[in-house]
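# Overview (structure and organization)
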Amino acid sequence: MKGESDRRGAFEYEISVIILTYHPDWDKLRQTICSAVFQEGVRLQIVVADDGSPDNCRERMEALFSKLGFSDYKLVLNPENHGTIANFISGLEAARGEYAKCISPGDFLTGSDVLKGWLDFTRREGYDWTFSDALYYRNAPDGMQLLPTPPFPVYLNCYRRKNAQRCRWNYAVLDDAALGATLLGRTATKLRYARELAGIGNLYCEDYIYRMMMYDGVCGGYYPRETVFYEYGTGISSGGNSKWQQRITDEFLAMSRLLMTRENPDPFQQRMQRQIRKKTSMRAMVRIPGKITRALLFKLVRRKARIDFAATEPWRRRCG
């Protein structure tokens with residue numbers, strides 16, 4: 001236990017909340033910032049990494065942090081647009097927390113105790129990274145409306161039972177992945193994998209690092225709580241733009257090919273490789289046993305929220 005305490009003491013912060021922005025909407029960015037500033041019980045840094053926006057909201061952010069009396073922040077305002085992964089890396093490089101939680105404007109934490117509870121769970125269970133649940137919403141003329149929540153990932157029992165091989169298989173082979181907004185992980189681990197993705201020319205899909213971790217045996221865990229209000233329909237993955245969907249597919253296939261270059265795969269990785277090699281196109285993936293079942297369940301299943309949405313109104317009003 002002493003060694004663990006000493007290691008933690010080497011970090012300036014416990015968590016760095018990294019807000020990734022590009023052409024940010026100020027009202028949404030302010031809400032996201034406030035939901036991080038108001039966290040309790042953790043040593044917290046906020047990093048805002050902007051990917052070359054003409055208006056990066058710098059003056060308004062500085063005024064907000066001053067008004068809130070919060071000085072543990074860093075603005076990484078990149079002068080040029082280089083893509084999400086490069087921006088992600090710039091935020092991680094500026095982070096001084098042992099763990100990093102990345103988030104985008106429009107998404108915000110669900111309560112003041114979220115990060116403490118999440119971090120305590122991650123440390124207690126010994127994970128390098130964990131994922132949680134989200135509450136999907138949209139802004140409507142009559143206010144914030146919750147939406148049906150799809151199952152990211154579909155299969156959770158393997159995490160509850162701590163069946164690491166099943167978790168790895170589902171994530172890396174069946175692509176039963178967590179929602180990007182619900183991920184928390186060690187800063188150094190995330191940075192190492194993000195640099196590897198950038199090294200093959202990928203630009204946008206930073207969350208593919210977790211598929212790589214699962215393949216390599218860095219198995220994540222499931223924190224069973226809704227931690228994030230997730231604004232659906234505005235991001236690259238949920239916006240429905242066909243051009244972006246093709247880019248996502250191309251980067252996914254490039255990431256899959258990267259896994260095939262791993263040296264000296266163990267027997268379980270060799271099993272995974274035999275299926276991952278089939279990922280030459282989205283259509284070809286139907287040959288992987290279990291992929292169709294997973295896809296059907298994803299379309300059909302919706303998760304019931306555990307949180308009392310009405311009870312969050314004071315918090316939402318405070319952040320908004």
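About the thresholds
- Residues numbered from 1 in each chain as written.
- Predicted model: local features only at pLDDT ≥ 70, side-chain atom pairs only at ≥ 80, totals over all residues.
- Heavy atoms only, no water.
- Helix = DSSP H or I, 4+ residues; strand = E, 2+ residues; numbered from the N terminus.
- Rg over C-alpha atoms; globule rule 2.2 N^0.38 Å.
- Buried < 20%, exposed > 50% of the residue type's maximum accessible area, 1.4 Å probe, protein only.
- Contact = heavy atoms within 4.5 Å.
- Areas by Shrake-Rupley, 256 points an atom, 1.4 Å probe, with all protein chains shown as cover.
- Lys, Arg positive; Asp, Glu negative; His and termini not counted.
- Charge placed at Lys NZ, Arg CZ, Asp CG, Glu CD.
- Axes fitted to C-alpha atoms, helices over the stretch in contact; angles between N-to-C directions.
- Parallel < 35°, antiparallel > 145°, perpendicular 65-115°, else oblique.
- Left-handed = near helix turned anticlockwise from the far one by under 90°.
- Nonpolar A, V, L, I, M, F, W, Y, C, P; charged D, E, K, R; others polar.
- Core = buried A, V, L, I, M, F, W, Y, C linked by side-chain atoms within 4.5 Å.
- Patch = residues over 30% accessible without salt bridge, like charges linked within 9 Å, V, L, I, M, F, W, Y side chains within 5 Å.
- Salt bridge = Lys/Arg side-chain N within 4 Å of Asp/Glu carboxyl O.
- Polar contact = N/O pair within 3.5 Å; in protein donor to acceptor, adjacent residues only side chain to side chain.

So, on to the overall build of the protein chain. Within the protein chain, the regular secondary structure consists of 13 helices and nine strands. Here the protein chain has a C-alpha radius of gyration of 19 Å; the compact-globule value for 320 residues is 20 Å, and the two agree. Each of the three principal axes of the protein chain carries a C-alpha extent, and together these read 55 × 50 × 40 Å. Residue burial in the protein chain is summarised as follows: out of 320 residues, 53% are buried. The long-range share in the protein chain, meaning contacts at least 24 apart out of those at least 6 apart in sequence, stands at 80%. Roughly 15,000 Å² of accessible area belongs to the protein chain as shown, and the carbon and sulfur atoms make up 49% of that amount. Computed over 48 positive and 37 negative side-chain charges, the separation of the two mean positions in the protein chain equals 7 Å.

Helix α8 (residues 187-199) packs onto helix α4 (residues 84-94) with a crossing angle of 150° between their chain directions and a minimal axis gap of 10 Å. Between α4 and α8, the crossing angle belongs to the class labelled roughly antiparallel. In the crossing of α4 with α8, the sense of the turn from one axis to the other is left-handed. Taking contact as the criterion, the partners of Ile 85, Phe 88, Ile 89, Leu 92 and Glu 93 in α4 are, on α8, Thr 187, Lys 190, Leu 191, Ala 194, Arg 195, Leu 197 and Ala 198. Per-class residue counts for the contact of α4 with α8 are eight nonpolar, one polar and three charged.

The next thing to look at is the nonpolar core. Of all hydrophobic cores here, the largest spans 54 residues; its most connected members are Ile 18, Trp 129, Phe 131, Tyr 159, Tyr 171, Ile 209 and Met 272. Residue contacts for Met 272: discarding those within four places in its chain leaves Arg 168, Trp 169, Ala 172, Val 173 and Tyr 215. Listed in part, the 45 residues of the second largest apolar core include Ile 46, Cys 57, Leu 64 and Leu 135.

In this section: a positive patch on the surface. There is a patch of like positive charges on the surface, built from Arg 166, Arg 271, Arg 274 and Arg 277. Locating Arg 277 in the fold gives a position in the loop between α11 (267-276) and α12 (291-300).

Moving on, we get to the pattern of salt bridges. Enumeration over the complete set of coordinates arrives at 22 salt bridges. In this structure, the salt-bridge partner of Arg 123 is Glu 14, at a minimum N-O distance of 2.9 Å. Placement of the pair is Arg 123 in helix α5 (residues 114-125) and Glu 14 in strand β1 (residues 13-21), with a sequence separation of 109 residues. According to the relative accessible area criterion, Arg 123 is buried, its value standing at 16%. Given the relative accessible area of 14%, Glu 14 is considered buried.

Moving on, we get to the side chain of Thr 130. If you trace the backbone, Thr 130 turns up in strand β6 (residues 129-140). Judged by relative accessible area, which is 0%, Thr 130 ranks as buried. A polar side-chain atom of Thr 130 sits 2.9 Å from a polar atom in the side chain of Trp 118. In terms of polar contacts, Thr 130 uses its side chain to reach the side chain of Thr 122, at 2.9 Å.

Moving on, we get to the environment of Leu 191. With respect to the helices and strands, Leu 191 occurs in helix α8. Of the residues examined, Leu 191 reaches a relative accessible area of 12% and is grouped as buried. C-alpha of Leu 191 to C-alpha of Ile 89: the two residues are 102 residues apart in sequence and 6.3 Å apart in space. If we skip the residues at most four places from it in the chain, Leu 191 touches Ile 89, Leu 92 and Glu 93.

Any functional reading would require information that these geometric values do not contain.
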